[in-house]
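Coordinate inspection notes
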Amino acid sequence: MKKTVTKFGLYGAITICVLFLLSWFVFNDLPNFSQEVLGYISMILSLSFVFLGIKHYRDKENDGKVSFKKALVIGILISLITALAFGILDVFYTEVLNPDFMTEYYSHSVETLKESLPPDEFEVKLAEMESQKALFSNPLFSFALMAMTVFVIGFIISLLSALILQRK
């Protein structure tokens, strides 16, 4: 099991990193919304290795059988490796590759809110964003937020994969 988790976890980690960097270099001119959609698509594609890892373990290492619990554990561990890699990559991106990212993202968010909200609601939302600005600029928080996002999606995929692939 350890070999399968490591192998497919690394496949997921490499995939999410390559897709992230590819989208940064190739699709950098897209609007933020489109980049977010690409980000979620990248997460789901990289987490497809959860399903493939569980299936590989069941078919190649465990004589065609895997319990729901064992499949879920395998999926969670593969998701965890992928999530940690993405969290590290995100911090590297925001601290080294594009240190202005948080400032640019914040400015864009303020402009979007300004255009979409009435002035009184905008002021309330702006004050809320100002109070959270330091938190979101913290690399440790950024790591935790991005890793948790990938992990939650991975957990859902693990749950679905375990339900589909379980065999006694």
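Residues numbered from 1 in each chain as written. Predicted model: local features only at pLDDT ≥ 70, side-chain atom pairs only at ≥ 80, totals over all residues. Heavy atoms only, no water.

Tracing the backbone through its elements, the reader meets Ile54 in helix α3 (residues 48-61). Sequence-wise, Ile54 and Phe68 are 14 residues apart; in three dimensions their C-alpha atoms are separated by 10 Å. Other than its neighbours up to four places away in sequence, Ile54 contacts Ala71, Ile74, Gly75, Ser158, Ser161, Ala162 and Leu165. (Helix = DSSP H or I, 4+ residues; strand = E, 2+ residues; numbered from the N terminus. Contact = heavy atoms within 4.5 Å.)

This part is about a nonpolar patch on the surface. A grouping of Met148, Val152, Phe155, Ile156, Leu159, Leu160, Leu163 and Ile164 is seen on the molecular surface, where their side chains present a nonpolar patch of about 730 Å² in accessible area. Counting through the fold element by element, Met148 comes out in helix α7 (residues 139-165). (Patch = residues over 30% accessible without salt bridge, like charges linked within 9 Å, V, L, I, M, F, W, Y side chains within 5 Å. Areas by Shrake-Rupley, 256 points an atom, 1.4 Å probe, with all protein chains shown as cover. Salt bridge = Lys/Arg side-chain N within 4 Å of Asp/Glu carboxyl O.)

This part covers the side chain of Ser79. Structurally, Ser79 can be placed in helix α4 (residues 68-97). Residue contacts for Ser79: discarding those within four places in its chain leaves Leu47, Val50, Phe151, Gly154, Phe155 and Ser158.

Let us look at the packing of aromatic side chains. Within the structure shown, the criterion is met by 4 aromatic pairs. With centroids separated by 5.6 Å and ring planes inclined at 55 degrees, the aromatic side chains of Tyr11 and Phe49 adopt a geometry described as tilted. Taken together, the positions of Tyr11 in helix α1 (residues 2-26) and Phe49 in helix α3 put the pair 38 residues apart, joining distant regions of the chain. Within the aromatic cluster, the residues linked to one another by ring pairs are Phe8, Tyr11 and Phe49. (Phe/Tyr/Trp six-rings, centres within 6.5 Å; stacked < 30°, edge-to-face > 60°.)

The next point concerns the packing of α4 against α7. Two numbers describe how α4 lies on α7: the axes approach to 7 Å, and their chain directions differ by 155 degrees. In terms of orientation, α4 lies roughly antiparallel with respect to α7. Here α4 and α7 pass one another in a crossing that is right-handed. Of the residues that constitute the contact of α4 with α7, the class distribution is 20 nonpolar, 8 polar and 2 charged. (Axes fitted to C-alpha atoms, helices over the stretch in contact; angles between N-to-C directions. Parallel < 35°, antiparallel > 145°, perpendicular 65-115°, else oblique. Left-handed = near helix turned anticlockwise from the far one by under 90°. Nonpolar A, V, L, I, M, F, W, Y, C, P; charged D, E, K, R; others polar.)

Before going further, it helps to spend a moment on unusual backbone geometry. Positioned with a positive phi, Asp63 is a non-glycine residue whose angle comes to about 55 degrees. You can see Asp63 is positioned in the loop between α3 and α4.

Counting through the fold element by element, Lys2 comes out in helix α1. Placed 108 residues apart in sequence, Lys2 and Val110 show a C-alpha to C-alpha distance of 46 Å.

With that settled, the discussion passes to the pattern of salt bridges. Under the defined criterion, the tally for this structure stands at 2 salt bridges. For Lys55, the salt bridge identified is with Asp59, shortest N-O distance 2.8 Å. Here the residue Lys55 and the residue Asp59 both occupy positions in helix α3, the gap between them amounting to 4 residues, near one helical turn. With relative accessibility at 32%, the residue Lys55 sits in the partly exposed group. In this structure Asp59 comes out as partly exposed when scored by relative accessible area, which is 30%. With its nearest N and O atoms 2.7 Å apart, the salt bridge here joins Arg58 to Asp59. Members of the salt-bridge network, linked through shared partners, are Lys55, Arg58 and Asp59. (Buried < 20%, exposed > 50% of the residue type's maximum accessible area, 1.4 Å probe, protein only.)

A separate point is the packing of helix α5 (residues 101-116) against helix α6 (residues 119-137). Close contact between α5 and α6 brings their axes to 11 Å; oriented N to C, the two are set at 165 degrees. With respect to α6, the axis of α5 lies roughly antiparallel. Judged by the sense of rotation from one axis to the other, the crossing of α5 with α6 is right-handed. When α5 is examined against α6, the residues Met102, Tyr106, Ser109, Val110, Leu113 and Lys114 are found in contact with a partner set consisting of Phe122, Lys125, Leu126, Met129, Glu130, Lys133, Phe136 and Ser137. Of the residues contributing to the contact of α5 with α6, the split by class is 8 nonpolar, 2 polar and 4 charged.

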